[in-house]
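Architecture and fold: a report
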Amino acid sequence: MIYTKRLITIRNTTASIDTPVVLYRGDKEVGIIFEIIDSKFKFESSNGNLINASHAAYGQIIVACPNGSNTISDVTECEDGLITFVMKASMMDELTEVGEYSFQIRLFNDTKTSRVTLPIVANGIEVK
């Protein structure tokens, strides 16, 4: 798999990405590895990597597509304080899917009975 790593920073009610992910129409199966820091949610530590601090075991991404539709990923296992989501070919194969994507990440505990939804990352992914 081809992949890239990005840092998501949470400040109060906003989330930002260190550098937007730029892909091109026709790209497929590209992994995006996220590290999430500085959340307003406090678990066992007052600062730092949210996935480690919250003991999040699983994550899910909700992507708002430029054509007005939403895509929700499968629930994915977190590993070493990071979470990986794969951009499928079906998200980047049509002309109407070219543009900027915003997204939100949900984190789950190990039994998937507890969930926290992080603020929206505006224009964090762009398909050209």
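Use the structure listed above.
To keep things clear, this report deals only with the structure shown in the data block. Values in this document were obtained by computation on a predicted structure and should not be read as measured data. Within any chain, residue numbers begin from 1 and follow the written order of that chain's sequence. It should be noted that, the model being predicted, local features are given only for residues of pLDDT at least 70 and side-chain atom pairs only at 80 or more, the latter also being counted only at that level, while totals for whole chains, interfaces and linings use all residues. Note: side-chain values were computed over all heavy atoms of the structure, leaving out hydrogens and water.

**Topic: the environment of I105**
As a reminder, the rule being used: Secondary structure elements follow DSSP: runs of H or I no shorter than four residues count as helices, runs of E no shorter than two count as strands, and numbering proceeds from the N terminus. Using a 1.4 Å probe on the protein chains alone, a residue whose accessible area is under 20% of its type maximum counts as buried, one over 50% counts as exposed, and one in between counts as partly exposed.
Assignment of secondary structure puts I105 in strand β9 (residues 99-108). Owing to a relative accessible area of 3%, I105 belongs among the buried residues under this scheme. The spatial distance from the C-alpha of I105 to the C-alpha of I72 is 9.8 Å, given a sequence separation of 33 residues.

**Regarding the nonpolar core**
The criterion, for reference: For our purposes a nonpolar core is just a set of buried Ala, Val, Leu, Ile, Met, Phe, Trp, Tyr and Cys residues, chained together by side-chain atoms within 4.5 Å.
Within the largest apolar cluster, 29 residues are counted, with the highest numbers of intra-cluster contacts made by I8, F34, F103 and I105. Of all elements in the fold, only β1 (2-11), β2 (14-17), β3 (21-23), β4 (30-37), β5 (58-64), β8 (83-87), β9 and β11 (121-127) reach the threshold of two or more residues within this core.

**Here we look at the packing of aromatic side chains**
Geometry of an aromatic ring pair is reported as the spacing of the ring centres plus the angle between the planes. How we decide: Stacked, edge-to-face and tilted labels apply to pairs of Phe, Tyr and Trp rings (six-membered ring for Trp) whose centres lie within 6.5 Å, assigned for plane angles under 30 degrees, over 60, and everything in between, in that order.
One pass over the full model with this rule turns up two aromatic pairs. Relative to F85, the ring of F34 lies with its centre 6.1 Å away and its plane at 50°, an arrangement referred to as tilted. Of the two residues, F34 sits in strand β4 while F85 sits in strand β8, which places them 51 residues apart along the sequence. Neither F34 nor F85 differs from the other in exposure class; each is buried. With a centroid separation of 5.2 Å and an interplanar angle of 40°, the aromatic rings of F34 and F103 are classed as tilted. Residue F34 is located in strand β4, and its partner F103 is located in strand β9; the two are separated by 69 residues in the primary sequence.

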